[in-house]
Structures are given as structure tokens and as C-alpha cells.
Amino acid sequence: MSEDWLARWREGSIGFHEGRPNELLDRHHARLAGARRVLVPLCGKSVDLAFLAAHGHDVVGVELADQAVHQFFEEHALRPEVTARDPLIEYRAGALTVFAGDLFAATPAVIGAVDALYDRAALIALPAELRPRYVALVRGLLAPGARGLVITAEYDQSRMTGPPFSVLEAELRTLYAGATVELVEDQPLRGVGKCAQTGTPATERCFFVRLDEPG
């Protein structure tokens, strides 16, 4: 899985990269209003990082591919300060911080406090067997009561092999059991990625998630 992801960046096979702020994030980012630091797992070089920073958040991305991290800062004409945060490498410029390395090695001590989540391309990038581990990790990084926007894709997986993988609403609710999960909006997935390339009809769904405060 990791080697395949790195190979995609080496080969420039990044059809999942939107190159503009995600439409659902644009319409619903107010759900994150008041959050200080927003975690963006498996962020690639997403323009959404800069979008969130422009709306007043400190943004914390985590990305496996060093190439993606370098391209993000170059494309936004930023010269980050680089610091080793074993086992990750921190790239920081103003309100934007991206950690390069294995997301599953991230800890609260390395990442710091985060009180919101934006997940457009992380959950759906992972096969079913890794998704519970991923969500458990994310929930462990987020502060109690944290809010998030999680964007999924749903399609007939007999038509196409992931990633992106189809993640049904029922699975999302199971993964985030004990949290508030609200479907905010859905729309046809169009314009980018493997679904578009293969002609596989898909639905993009945006969920608002709030972790419960401890009782």
C-alpha cells in the first residue's frame, strides 16, 4: 500500500488531486468555525490545506510522500522551516504545517493538539482492513469534542478496484460509533480521479462528525 502510493507520486499518477478547493468543503467549512488546529490526514498537496488556512485555521497535514510535501510548498511559494520530529519530518510555514512520514507513526506528542478533522481523501484511500485502525488513530489524535468533515465516495466496486474505495454510510457510522455523524450533503462525484477515468458513476458524500465529550 505505501509503496504503491509513493510510486503514484514518482510517476505523476495523481488523478485524485483536485487542484482547487473541494466543492463540499467550500460549502460546509463553516462547520469547522472556531476550531484552532485542523488535522488533514494523507493530505497530498491538496489546495484544501491553503483554503483552510485562509479561513483562519492552523492546519496540520500528514503525508507519506516527501515529493507531495515539497510540491505543496513550492506551488504556494512558501519556504517552510524543516524540523525532525522523530519519526516524522515537520515542514512549517505560518499557519501551515505538514508532517512527512507514515501517518500510523503519528502521536499526539509529535502532532500536537488538534481540535478538528478534515478528511477528503484518507479514509477512501485505505482498504477495508486498514480503515478501523486509521479511524482509531485519528480519534486518538483529536481532542475530546473535536469536530470534523469527512468526505466519502460510494460506487459499485464490481465496476472498479480502489483506491478510492467505496465507503458506505453504514460503515462510516460503525467506524465512528459513539460520535455524532450527520450526512450534510451528497452529490455526483465528477471531474477527477479513477471513477471519472473509468466512467464509474459515484456519489460523493459529506458528513459532519463530532466526537463526544467524556462523560
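Right above here is the structure, for reference.
Residues numbered from 1 in each chain as written. Predicted model: local features only at pLDDT ≥ 70, side-chain atom pairs only at ≥ 80, totals over all residues. Heavy atoms only, no water.

**Considerations on the nonpolar core**
Turning to step 1, where the next piece is worked out: Formed by 34 residues in total, the largest nonpolar core has its most connected members in Ile111, Leu123, Tyr134 and Tyr176.
Turning to step 2, where the next piece is worked out: Going through the elements one at a time, β2 (58-63), α5 (108-111), β6 (114-119), α6 (131-141), β7 (142-155), α7 (169-175) and β9 (202-210) are the ones with two or more residues in this core.
Turning to step 3, where the next piece is worked out: Counting residues per element, this core draws most heavily on α6, at five residues.
Turning to step 4, where the next piece is worked out: Not counting residues up to four positions away in its chain, the partners in contact with Leu123 are Arg131, Tyr134, Val135, Val150, Thr152, Val167, Leu172 and Leu175.
Turning to step 5, where the next piece is worked out: If you look at the next biggest cluster of nonpolar residues, it comprises 25 residues, including Leu24, Val38, Cys43 and Cys206. (Core = buried A, V, L, I, M, F, W, Y, C linked by side-chain atoms within 4.5 Å. Buried < 20%, exposed > 50% of the residue type's maximum accessible area, 1.4 Å probe, protein only. Helix = DSSP H or I, 4+ residues; strand = E, 2+ residues; numbered from the N terminus. Contact = heavy atoms within 4.5 Å.)

**Regarding the environment of Leu78**
Turning to step 1, where the next piece is worked out: Structurally, Leu78 can be placed in the loop between α4 (66-75) and β3 (81-85).
Turning to step 2, where the next piece is worked out: The class of Leu78 is partly exposed, set by a relative accessible area of 29%.
Turning to step 3, where the next piece is worked out: Residues Leu78 and Gly94, spaced 16 residues apart in sequence, show a C-alpha to C-alpha distance of 9.1 Å.
Turning to step 4, where the next piece is worked out: With residues near it in sequence (within four places) discarded, Leu78 still touches Phe73, Ala93 and Leu96.

**Observations concerning the pairing of β3**
Turning to step 1, where the next piece is worked out: As paired strands, β3 and strand β4 (residues 88-93) are joined by five bridges and run antiparallel to one another. Within β4, the position partnered with Arg85 by the bridge is Leu88.
Turning to step 2, where the next piece is worked out: Taken together, β3 and the strand that follows it, β4, pair antiparallel across an intervening segment of two residues. (Pairing = 2+ DSSP bridges.)

**Observations concerning the sheet that holds β6**
Turning to step 1, where the next piece is worked out: With mixed pairing, nine strands are arranged side by side in an open sheet as β3-β4-β5-β2-β1-β6-β7-β9-β8. Looking at the sheet topology across the chains shown, the edges are occupied by β3 and β8 (180-188). Geometrically, the sheet is characterised by an average inter-axis angle of 20° between neighbouring strands, direction not taken into account.
Turning to step 2, where the next piece is worked out: In this fold α6 packs onto β1 (37-41), β6 and β7, with an angle of close to 150° to the strand it touches most, β7. (Axes fitted to C-alpha atoms, helices over the stretch in contact; angles between N-to-C directions.)

**Things to note about the environment of Asp156**
Turning to step 1, where the next piece is worked out: Relative to the elements of secondary structure, Asp156 occurs in the loop between β7 and α7.
Turning to step 2, where the next piece is worked out: In sequence terms Asp156 and Pro201 are 45 residues apart; their C-alpha atoms lie 8.0 Å from each other.
Turning to step 3, where the next piece is worked out: Within the local environment of Asp156, its side chain forms a polar contact with the side chain of Ser158, the two groups lying 2.6 Å apart. (Polar contact = N/O pair within 3.5 Å; in protein donor to acceptor, adjacent residues only side chain to side chain.)

Structural measurements only, silent on function.
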